[in-house]
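# Fold and geometry: a report
In case you want the letters, here they are:
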Amino acid sequence: MQACRVTGRPVPSAMVGELADSAGLMGDPPALRARLQEDGYLFLKGVLSRAAVMDARREVFQRMVQVGEIAEPAEAGISTGTSRRAEMEPDLGHFWKSVSEGPDLRSASHGRAMTAIMSLVFGETARPQDYMFLRAGPFGRATGLHFDYPFFTRAHDRVATVWLPIGDVPVSDGPLVIVEGSNRFRDLIDPMMGFDISRDNTRKADLGSDAITFAEQRGTRLLTRNFEAGDIALFGMYTAHGSLDNHTAINRVRLSCDVRWQPASLPLDERYFGDNPLGTTGAGYAELNGAKPLTQDWHVR
Ligand SMILES: O=C(O)CCC(=O)C(=O)O
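The structure reproduced in this document is the subject of the present report. None of these values were measured; they are calculated from a predicted model.

## Concerning helix α6 (residues 112-122)
- Listed as buried for α6 are Met114, Ile117, Met118, Val121 and Phe122. In a view along the axis of α6, the buried residues occupy a sector of 130°, so they form one face of it.
- Once α6 ends, the next one or two residues include Gly123, with phi positive near 75°.

Written out as structure tokens, the structure is:
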């Protein structure tokens, strides 16, 4: 895999690995669960309908065309470099909530196919959080390495994140990256127990160094791939992850969403459920980076 970058630097090729495809284990749920337990993640190639995912892509980007951020045709996802979102949508949180609740998007992210996959993963009926992290990342954007534990384990830790590329996301566009073997980094995981990001502002979720430096220090690799519409990746609360840089040569915006799932039988963290979920900090959809106008001059975490 060529052309992976992190904080403006090329990732040395020996440090990059391809996320292993476990779709072949879907007919053997115990083996699927064992793989998740062992690797800390599952990559499932082509398990959703490509057409359904592309419908979701069109729906989201069409909303961004309307606020001047994406050029026609919407599905190409090319940034105009400008935005009229703030003038046209004075309530940015409300706007992003309405985009995040589009019917085509929800049918891909929360529909029957996804519920069936996640029920297989948990071995019982699975339930998604209503709150969604919809991410539209232009050139220059990346997500720093972190574990999801401090955000989503207030009620229990049988929670999995599903990362869904909404369209094709080649490595040049800054897809998900997983730190290989990080689910066994006890020196980081043990001190994290009990850490709740919105109750403890003395600590940060970010792992503090860029992914290349982190992987170098740990003697490990960064796993990613050229994602295609219909693929998903999922991982538990103890797997370090982030994203590559979006360094697209054609101003294409990387579109994805991440949603947390759990067994339906377990207690809910009420912040992420209901018609008007509060989100991590209580600001609802307004707290998300996606709710900010898509200008190209700011960075995530
Ligand atoms: O999509 C990204 O940039 C990061 C995703 C992430 O942090 C997550 O799914 O928890």
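Let us keep going from here.
## A closer look at the nonpolar core
- Val121, Val162, Ala233 and Leu234 are the most contacted members of the largest nonpolar core, which totals 76 residues.
- Apart from the residues lying within four places of it in its own chain, the contact partners of Ala233 are Leu19, Tyr41, Phe43, Trp163 and Leu176.

## Comments concerning the site of the ligand
- As a structural note, the neighbourhood of the ligand is formed by Arg135, Thr143, Asp148, Thr161, Trp163, Leu176, His241, Ser243, Ser256 and Asp258.
- Elements supplying a minimum of two residues to the shell around the ligand: β7 (160-165), β11 (241-243) and β12 (254-263).
- Of the residues that constitute the shell around the ligand, the class distribution is two nonpolar, five polar and three charged.

## A look at the pairing of β12
- The buried count for β12 comes to nine of 10 residues, which makes it a mostly enclosed element.
- Bridge count for strand β5 (residues 126-128) against β12 is three bridges, and the pairing is antiparallel. If you follow Ala126 over to β12, its bridge partner there is Pro263.
- As judged from the five bridges shared by strand β6 (residues 133-137) and β12, these two strands associate in the antiparallel manner. Of the residues in β12, the one forming a bridge with Phe133 is Asp258.
- Relative to β12, β7 runs antiparallel, the two being bridged by six bridges. Bridge assignment links Leu164 to a residue of β12, and that residue is Cys257.

## Some thoughts on the environment of Arg85
- Residue placement: Arg85 occurs in helix α3 (residues 85-88).
- The spacing of Arg85 and Thr248 is 163 residues in sequence and 23 Å in space, taken between C-alpha atoms.
- The contact partners of Arg85, leaving out residues within four places of it in the chain, are Val67, Glu69, Leu92, Phe95 and Pro293.

The rules behind these values
Per chain, residue numbering runs from 1 following the sequence as it is written. Reporting of local features is limited, given that this is a predicted model, to residues whose pLDDT is at least 70; pairs of side-chain atoms are given and counted only at 80 or more, and all residues count toward the totals for whole chains, interfaces and linings. Any residue surrounded by 20 or more other C-beta atoms within 10 Å of its C-beta is treated as buried, while 12 or fewer makes it exposed and the intermediate range makes it partly exposed; C-beta atoms here are placed from the backbone. Put simply, DSSP marks the helices as runs of H or I at least four residues long and the strands as runs of E at least two long, and each gets a number from the N terminus on. It is the directions from the helix axis to the C-beta atoms whose arc is reported. For this entry, the nonpolar core is defined as buried Ala, Val, Leu, Ile, Met, Phe, Trp, Tyr and Cys residues connected by C-beta atoms within 7 Å. Two residues qualify as a contact pair if the distance between their C-beta atoms, derived from the backbone, is within 7 Å. Whether a residue is near a molecule or strand depends on its C-beta atom, placed from the backbone, lying within 6 Å of it. Lys, Arg, Asp and Glu make up the charged group, whereas Ala, Val, Leu, Ile, Met, Phe, Trp, Tyr, Cys and Pro make up the nonpolar group; the residues left over, Gly among them, are polar. Two strands are said to pair when DSSP picks up at least two bridges between them.

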